[in-house]
Amino acid sequence: MTSFNRSTSRRLKKLPQIPSVWEGDRRPLSSPNQHSADSEAKGECILWVDYSQGIVRGMDVVASDIGPEAIVRTLMQAMEHPQSPARPARPQRIIVRDREIQFYLRGVLQDLDIAIDYAPELPLIDELFRGFTDILDSQTPDLPPQYAQILPEKAFAIWQAAPWEFLQEQQILSIEINNWDVGTLYASIMGMLGMEYGILFYRSEESLKQFRAAVLTDEESTEHLEEAFLKQDCLFLTFDSADEDEDEDEDEEGDLADLPLSEIDPTFGNIHPLEGLRSVLYEEEAVVMFVAIESLSRFIRDHRRQLHEDIFPSLSRRYRISLPQSEESIKSLTVTVSTVPQLAAELEEMAGFDVDDQEIENPDSPSFQALQDDLIPENSFLSLGVVSWEMLESLKKGISYHNAGEIKQVGDGLPVILIQTSRPKAKIVIERIEAAGALRAICFNPGADPFDGDRYDLGLLQTQNGELFLFGEFLDEDPIHVEARKKWNQRCKNTQGYCGLIIAKGLTGASRGNPQLRDMMALFEARSLSPKDLGIGTLQLMPQLEFE
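Throughout what follows, the structure given in this document is the object of discussion. (Residues numbered from 1 in each chain as written. Predicted model: local features only at pLDDT ≥ 70, side-chain atom pairs only at ≥ 80, totals over all residues. Heavy atoms only, no water.)

### Focus: the sheet that holds strand S3 (residues 55-62)
One open sheet holds the five strands; their spatial order is S3-S2-S1-S4-S5, and the pairing between them is mixed. This sheet does not close on itself; its edge strands, each paired only once, are S3 and strand S5 (115-118). Averaged over neighbouring strand pairs, the angle between their axes works out to 20° when direction is ignored. Across seven bridges, the pairing between strand S1 (residues 17-28) and strand S2 (residues 44-50) is antiparallel. Considered in S2, the bridge of Gly 24 is made with Trp 48. (Pairing = 2+ DSSP bridges. Helix = DSSP H or I, 4+ residues; strand = E, 2+ residues; numbered from the N terminus. Axes fitted to C-alpha atoms, helices over the stretch in contact; angles between N-to-C directions.)

### Comments concerning the environment of Arg 87
Topologically, Arg 87 is positioned in the loop between helix H3 (69-80) and strand S4 (90-96). Those residues within four positions of Arg 87 in sequence are excluded, and the remaining contacts are Arg 57 and Pro 82. (Contact = heavy atoms within 4.5 Å.)

### Side note on the side chain of Glu 285
Assignment of secondary structure puts Glu 285 in helix H9 (residues 283-302). Discounting chain neighbours no more than four positions away, the residues touching Glu 285 are Arg 203, Leu 235, Asn 270, Arg 278 and Val 280.

### Overview of the packing of aromatic side chains
Considering all chains together, one arrives at nine aromatic pairs under this definition. Ring geometry for Trp 164 versus Tyr 197: centroids 5.3 Å apart, planes at 65°, classification edge-to-face. Placement of the pair is Trp 164 in the loop between helix H6 (150-161) and strand S6 (173-179) and Tyr 197 in strand S8 (residues 197-202), with a sequence separation of 33 residues. Owing to a relative accessible area of 5%, Trp 164 belongs among the buried residues under this scheme. Ring centres 5.9 Å apart and planes at 65° place the aromatic pair Trp 164 and Phe 239 in the edge-to-face group. Of the two residues, Trp 164 sits in the loop between H6 and S6 while Phe 239 sits in strand S9 (residues 234-241), which places them 75 residues apart along the sequence. For Phe 239, a relative accessible area of 2% corresponds to the buried category. Directly above the aromatic system of Tyr 498 lies the positively charged group of Arg 527, at a separation of 4.2 Å from the ring centroid. (Phe/Tyr/Trp six-rings, centres within 6.5 Å; stacked < 30°, edge-to-face > 60°. Buried < 20%, exposed > 50% of the residue type's maximum accessible area, 1.4 Å probe, protein only. Lys NZ or Arg CZ within 6 Å of the ring centre and 35° of its normal.)

### Description of the packing of H3 against helix H4 (residues 99-108)
Where H3 meets H4, the closest approach of the two axes is 11 Å, and the angle between their N-to-C directions is 60°. In terms of orientation, H3 and H4 fall into the oblique class. At the point where H3 passes H4, the crossing takes the right-handed sense. Within the contact between the two elements, H3 uses Glu 69, Ile 71 and Val 72 and H4 uses Ile 101, Tyr 104, Leu 105 and Val 108. Along the lines of polarity and charge, the residues of the contact of H3 with H4 split into six nonpolar, no polar and one charged. (Parallel < 35°, antiparallel > 145°, perpendicular 65-115°, else oblique. Left-handed = near helix turned anticlockwise from the far one by under 90°. Nonpolar A, V, L, I, M, F, W, Y, C, P; charged D, E, K, R; others polar.)

### Regarding the nonpolar core
Among the nonpolar cores identified, the biggest contains 50 residues, and Leu 151, Ile 175, Phe 201, Phe 239 and Leu 296 are the most heavily contacted of them. Looking at which element gives the most residues to this core, the answer is H9, with 11 residues. Each residue touching Ile 175, except ones within four places of it in the same chain, is listed here: Gly 183, Thr 184, Leu 185, Ala 187, Phe 201, Ala 292, Ser 295, Leu 296, Val 335, Thr 336 and Val 337. Ala 426, Leu 439, Ile 442 and Ala 522 belong to the second largest nonpolar core, which has 26 residues in total. (Core = buried A, V, L, I, M, F, W, Y, C linked by side-chain atoms within 4.5 Å.)

### A word on the pairing of S8
With respect to burial, S8 is a largely interior element, six of its six residues being buried. Neither face of S8 is exposed, since Tyr 197, Ile 199 and Phe 201 on one face and Gly 198, Leu 200 and Tyr 202 on the opposite face are all buried. With five bridges connecting them, strand S7 (residues 182-190) and S8 associate as antiparallel partners. When the sheet's bridge partners are listed, Ala 187 is paired in S8 with Phe 201. As defined by bridge partners, S8 adjoins S9 across six bridges and the pair is classed as antiparallel. Each residue of the ladder has a partner; that of Gly 198, found in S9, is Thr 238.

Dropping the structure here:
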């Protein structure tokens, strides 16, 4: 049996011993009416109370398989660091209702002059746990019993269909139900940006537009965004990691889309301006959610190819949905699912998806095409580096590879620009470059801000169709960038002007800032151009845009 160190016993004996009786016990943190598996998941509560004074001195929640040492640790807290208003002390007598705990405590506490007794009932603790049970019994389950299994199953079907891989948030699908006081739901798919995966089912177009307008009004204000979020009127389905640690740094978490199905946890809920957010569905909401998810799944299955098209198509289809057994008199109903291209266009217009808003122009070069800054996702990790010739051969075999010619293997390797972002965003970047005919050139061109006098070294990508994309902005006076550019120029000279662009995933995972071979998704070989070769002169910052 484990016992206290002598120093610990001496320390505890220095506590004043008060003429009081303490009760101690550990019990499952659940109601007897709940399933035993739920009980094991919630663990056990250890409680130490001063029966003489009627106060709780110590409490802890532990896993069910934790040994008897846990009850001693909580007892030590109750003696040395009790909950207010109690003061540090040790009791004259302890009563427990478990014989094993009694004998265990007698052995551990034998040097502390504390009597350890047994009683079949602990009046104060019994009363406290009855209160806990009443609270648990009165809690509303997250889903009604008849939907507790089938709704998660339908959610997993959506997860495996992954509509966010081809549908953007503004590409809305309408689901006409016309029952349970619900007319048409407007489904917005979240996940293409790789930040949060799920579906918002708005109860009206008005609520959807109001939320978008509110977000666009002040994207930087956290308080404003939270207020706008809570004013939505919608049902929601979101996906999270099943073993997510709330204390874990979000930057260390991997991309949710890379996890196996067994580690994905769907959450259902409701948002309303007067109710706020709740992750609980009542029966009418659950049946509406079931119908919406089932009909949406079928629509995505039937029209997946058309929904992949660049232009959001006009589609509509009716489905007969059978309902789970419930008290509802309705056994099935017909639901119409449709794309809403006009609404999608309105939302895009609200967001200002306009080339004119994304231009940095050089007025001295009328032949210069608009410089686009929307290819590389915000907060991506960017670096100038080199890939060894050995690693280059491995890369060519395992990822999407675009050759630019026969490269002379001179020096320490191929100079590359590395862009690391999340997997979904990386896929979008790769697809856009491939759609433009792959990469033609990489260039660093001078840029200037006439307002504050700063001068920049702008990293540019030129695709085969002639488009120019901004991938990085570096202050001319940044010594780290100056040194990196010197190495870049020398390496490009060694390879006779050949270089490359690597697109990698894993920005939010353990390989953040140091992607491994398994994280690299595409390699585009290209030529390195000087500002003179590019011939667009110094780029001036225009009033409607800032570099950051």
